[in-house]
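# Geometric and topological summary
Below, each chain spelled out in residue letters.
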Amino acid sequence: MYLTSSPIDLASLLLEARPSDGALCLFVGVVRGQNEGRETTAIQYEAYGEMAEEEIGRIARDLAREFPAVRIRMVHRVGSLSVGEASVAIAAVSPHRAEAFAACRAAIDRLKTTVPIWKKELHPDGSSEWVDPTRTAGGRR
Amino acid sequence: MKVRLLHFASFREAAGRDQEMRELAAGTRVEELWRALGRELPFFARFASVPPAAVNRQYVDPGVVLREGDEVVFLPPVAGG
């Protein structure tokens, strides 16, 4: 299971390292308090759960082929999140750091591109909007 | 034939529901179902092209022919991360 409605347990990801590993690269996406110049109070993440699980699984299998020395764990939160909470976490573990960084970067970039997850930003005035990375600078890397 | 159409995020809000059963003629393509939605709701007619679509949880081309019992989703721009 890659999706969770509970807070992401970052400490559990650190337990992934084995004696042969020398590097654990951990990326954590957190809810930002502003986007496109507007203040954000919370974000609601919605997923097409079954397909999102399959799609993240496909990304994981592709990465396992491309980075055979690296083991990767990915977790994405769904539901309502406050500013500062972790929305996604990716741990890439390997004997050396170069491939851990590369695999971690590839994982988050692909996850943002194809996995059917959506987010709605809530503003202090009660308004809200669905984020469209194809239309705004919010898609920048 | 019948297919199950699921709606998510902005498309769910525009449709006013999260799923519906659709009776379609045999041989209906994904893009034809999208155009049918556009004739019912102006929101879906605003798009210049067919958005990414999934049938049975796999991305498909808009020309794919639908089958009895398919689960169909048109995907608003994804924004995970």
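Provided above is the structure to which this section pertains.
Treat the numbers as computed from the prediction; the structure is a model and nothing was measured.

So, how was this worked out
Residues numbered from 1 in each chain as written. Chains lettered and ligands numbered in written order. Predicted model: local features only at pLDDT ≥ 70, side-chain atom pairs only at ≥ 80, totals over all residues. Helix = DSSP H or I, 4+ residues; strand = E, 2+ residues; numbered from the N terminus. Rg over C-alpha atoms; globule rule 2.2 N^0.38 Å. Buried ≥ 20, exposed ≤ 12 C-beta atoms within 10 Å, placed from the backbone. Contact = placed C-beta atoms within 7 Å. Nonpolar A, V, L, I, M, F, W, Y, C, P; charged D, E, K, R; others polar. Pairing = 2+ DSSP bridges. Axes fitted to C-alpha atoms, helices over the stretch in contact; angles between N-to-C directions. Parallel < 35°, antiparallel > 145°, perpendicular 65-115°, else oblique. Left-handed = near helix turned anticlockwise from the far one by under 90°. Expected span 1.5 Å × (residues − 1). Arc of directions from axis to C-beta.

The subject of this paragraph is the overall build of chain A. When its secondary structure is counted, chain A shows three helices and ten strands. Order of helices (α) and strands (β) in chain A, N terminus to C terminus: β-α-β-β-β-β-α-β-β-β-α-β-β. Expected size for 141 residues packed as a compact globule is a radius of gyration near 14 Å; at 16 Å, chain A falls within 12% of this value. Its C-alpha atoms put chain A at 50 × 25 × 25 Å along the principal axes. Counting across all 141 residues of chain A, residues that qualify as buried make up 32%.

What follows is about the overall build of chain B. Counting secondary structure elements, chain B contains three helices and five strands. In chain B, the succession of α and β elements from N to C terminus is β-α-β-α-α-β-β-β. Here the C-alpha coordinates of chain B stretch approximately 35 × 30 × 25 Å along the principal axes. Buried positions account for 25% of the 81 residues belonging to chain B. Of the contacts made within chain B by residues no fewer than 6 positions apart, 48% connect residues no fewer than 24 positions apart.

For the rest of this paragraph, the subject is the interface of chain B and chain A. The interface is formed by 13 residues belonging to chain B together with 23 residues belonging to chain A. Looking at the side of chain B that touches chain A, its residues break down into nine nonpolar, three polar and one charged.

One key point about sheets: their strands pair by backbone hydrogen bonds, in either a parallel or an antiparallel sense. Residues and elements named next belong to chain B. Spatial ordering of the open sheet is given by 2-1-5-3-4, a layout of five strands whose pairing is mixed. Two strands in the sheet have a free side with no partner beyond their single neighbour: strand 2 (19-23) and strand 4 (58-60). When the angles between neighbouring strand axes are averaged without regard to direction, this sheet yields 35°. As judged from the three bridges shared by strand 3 (residues 53-55) and strand 4, these two strands associate in the antiparallel manner. Counted as the bridge partner of A53 is V60 from strand 4. On top of the sheet, helix 2 (residues 30-40) reaches strand 2, strand 3, strand 4 and strand 5 (71-74); it is set at about 60° to strand 5, its chief contact.

Let us now look at the pairing of strand 1 (residues 2-6) of chain B. Each regular strand displays side chains that alternate between the two surfaces of the sheet. Residue and element names in this part refer to chain B. A one-sided burial pattern is seen for strand 1, the buried positions being V3 and L5 and the unburied ones K2, R4 and L6. Two elements, strand 1 and strand 2, share five bridges in a ladder whose sense is antiparallel. From the neighbouring strand, L5 faces strand 2, where its bridge partner is E20. Bridge count for strand 1 against strand 5 is three bridges, and the pairing is parallel. Bridge pairing in strand 5 places L6 opposite V73.

Residue and element names in this part refer to chain A. Where helix 2 (residues 49-66) contacts helix 3 (residues 97-114), the two axes come as close as 10 Å, and the packing angle between them is 150°. Judged by the angle between their axes, helix 2 and helix 3 are roughly antiparallel. In the crossing of helix 2 with helix 3, the sense of the turn from one axis to the other is right-handed. Contacts from E55, I56, I59 and L63 of helix 2 reach helix 3 at A103, A106, A107, R110, L111 and T114. Per-class residue counts for the contact of helix 2 with helix 3 are seven nonpolar, one polar and two charged.

Residue pairs spaced three or four apart in an α-helix point in one direction, given the helix's 3.6 residues per turn. Residues and elements named next belong to chain A. The end-to-end C-alpha separation of helix 3 is 26 Å, in line with the 26 Å expected for 18 residues at 1.5 Å each. Listed as buried for helix 3 are A100, A103, C104, A107, I108 and L111. An end-on view of helix 3 places all buried positions within 130° of arc, on one side of the element. Opposite the buried face of helix 3, by more than 90 degrees, sit the exposed residues A98 and D109. Along its buried surface, helix 3 packs onto strand 2 (23-30), helix 2, strand 6 (71-77) and strand 8 (86-94).

Residue and element names in this part refer to chain A. Pairing is antiparallel in the open sheet, where four strands are placed in the order 7-5-9-10. In the strand order of this sheet, the two ends are held by strand 7 (79-82) and strand 10 (128-130), each with one partner. Strand-to-strand twist of the sheet, defined as the mean angle between neighbouring strand axes without regard to direction, takes the value 25°. The pairing of strand 9 (residues 117-122) with strand 10 spans three bridges and is antiparallel. Each residue of the ladder has a partner; that of E121, found in strand 10, is E129.

Keep in mind these values describe shape, not function.
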